Amino acid sequence: MTSSPSVVWLRDDLRVADNPALVAAVDRGEPVVVLVVLDDETPGIRPLGGAARWWLHHSLVALDGALRELGAGLTLRRGPAAEVLPAVVAEVGAGAVYWNRRYGKVPRDTDAALKTALRDEGLVAESFQANLLFEPWTVQTGQGQPFKVFTPFWRACLDRPEPRHPLDAPDAVRPPEAPPASDDLDAWQLLPTSPDWAAGLRETWTPGEAAALDALEEFATGHLADYGERDFPAQEATSRMSPRLRFGEVSPFQIWHRMRGDLPPASRERAQSFLREVVWREFNHTILFSSPDLATVSYRPEFEAFPWADVPESEIDAWRQGRTGVPLVDAGMRQLWTTGWMHNRVRMVTASFLIKNLLVDWRVGEQWFWDTLVDADEANNPANWQWTAGSGADAAPYFRVFNPVLQGEKFDKERNYVRAWVPEIDTDDYPEPMVDLKESRRRALDAYETMRRASPASP
Ligand code: FAD
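Here's a quick rundown of the structure. (Residues numbered from 1 in each chain as written. Predicted model: local features only at pLDDT ≥ 70, side-chain atom pairs only at ≥ 80, totals over all residues. Heavy atoms only, no water.)

**Concerning empty space enclosed by the protein**
Link 1 in the chain: Per the counting criterion, the structure on display carries one cavity of 30 Å³ or more.
Link 2 in the chain: Lining the largest cavity, in full, are W280, F283, N284, I287, L294, A383, N384, Q386, W387, G392 and A393.
Link 3 in the chain: For the lining of the largest cavity, the elements supplying multiple residues, two or more each, are α10 (265-290) and α15 (380-389).
Link 4 in the chain: Here the lining of the largest cavity is composed, by residue class, of seven nonpolar, four polar and no charged.
Link 5 in the chain: If you count residues domain by domain, the lining of the largest cavity takes at least three from each of domain 2 (132-165 + 209-290) and domain 3 (301-454). (1 Å grid on protein atoms, 1.4 Å probe; cavity = no way out; pocket = protein on both sides within 12 Å on 5 of 7 lines; lining within 4 Å. Points joined across faces, edges and corners; volume = space filled by probe spheres on them. Helix = DSSP H or I, 4+ residues; strand = E, 2+ residues; numbered from the N terminus. Nonpolar A, V, L, I, M, F, W, Y, C, P; charged D, E, K, R; others polar. Domains from an automatic or database assignment.)

**Overview of the sheet that holds strand β3 (residues 74-78)**
Whenever strands of a sheet pair, they do so through backbone hydrogen bonds, lying parallel or antiparallel.
Link 1 in the chain: Read across the sheet, five strands follow the order β3-β2-β1-β4-β5 without closing on themselves; strand pairing throughout is parallel. Pairing within the sheet leaves two strands with one partner each, and these edge strands are β3 and β5 (124-128). Here the strands of the sheet are splayed against their neighbours by 25 degrees on average, with no regard to which way each runs.
Link 2 in the chain: Across five bridges, strand β2 (residues 32-38) lies against β3 in parallel orientation. Within the sheet, the bridge partner assigned to L38 lies in β3 and is R78.
Link 3 in the chain: The strands touched by helix α1 (residues 20-28) are β1 (6-10), β2, β4 (96-100) and β5; relative to β4, the strand with the most contacts, the crossing angle is about 160 degrees.
Link 4 in the chain: Running at roughly 150 degrees to β3, helix α2 (residues 50-70) makes contact with β1, β2 and β3 of the sheet. (Pairing = 2+ DSSP bridges. Axes fitted to C-alpha atoms, helices over the stretch in contact; angles between N-to-C directions. Contact = heavy atoms within 4.5 Å.)

By themselves, these figures tell us nothing about what the structure is for.
As structure tokens, then:
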């Protein structure tokens, strides 16, 4: 009898453990093809930024290694998913296709159309919950609407049944006798060459599932105890799980149950505040689900009339490159450029500086973070930019303008963070602030008033 292989199409779930689509394929008993598609072409899809492409390359190397140990390597293909997936299915004569769900509009529409087309041809096509603990349609207000405010969302999540336990990795993955051809990963050119700006990323990170699980364990038994200090950027008090979650090297189910498991006594009370942050990611995906244009359109429509300033590109470059003359802002922007990651408190301060002190449209900053963050995420990045801009769901009110100097005094009192990234801080080489903080704050508040007057619906 000829076999009808199963195809597992992996996307934001680059792991072998707790992977329901992979488990379903293995359980079907037929040979398994594990496919990853680099799709920069589907209309409306948002191609990954540079830092995320770097991460993807290394995460795929690690995943291919882990799968080979189980018996079957990865199959890599490039192109629009709606064409590539059916082509692979036809090539191998597949009888079933499995994947884990994604929540952006274009990906969802692509997946839904593929599922229908595959089923119409008599194939099994199944999708699974793997990357969110609480899928957007399962947590709603009493009126059946999506939550717009985080705290009631969080409470509603806690009222839901406990998220399921993580699944084990399969013992083996049997490939077809004649596996399909795979692209050469290097030919995808995900790594920067000239210039090679990734030295700091290489020093900072080891992408891949094994390193992700090690990092989670290390955090659970180590710095979780310091999570109360998470607002202090010089402290190593946060998990740095964000790129791991972004690429699905670790699942939120694994994180949730690790936090519910055996922890050092000093960490137990911190676990809940850590999970609360993890659930902000879930909240932002819920927002993305109901507002698919989150990266391009203000969630609060009155902000579409905001009178942004016409700022010269050279000034925006000073922000991008960490040359604003405001120490905490410059430190953050340099940490981002060098490592592909920035501490959350400093993300808020740098974003606020761009939006409020320079009066630059939040979309400009969102795009820069999209290109430079290893954790750049379709839900978390725009939602947090809009949160800072005041235009988002449950956002900081626009008129609450961070003072980046006071933020530094409060959260980096010893200046250890600033000195690490801006060593010239105490010398004559360090410039004066590029804007007067008081004056630019007043200008921002005036602009906000102008918007409010233009829109009677605004608060
Ligand atoms: P921890 O404090 O250890 O938190 C654990 C996990 O919870 C994180 O890995 C993340 O998945 C989630 N989380 C924590 N804070 C937030 C938050 N505010 N919103 C949503 N999820 C959160 N996070 C991203 O994952 N991708 C982005 O593209 C992104 N862009 C941001 C842009 C701006 C302007 C701001 C202010 C924040 C952004 N964040 C983004 C949120 C947050 O800064 C990072 O998730 C966090 O710094 C990651 O570090 P960590 O894993 O050590 O966090």
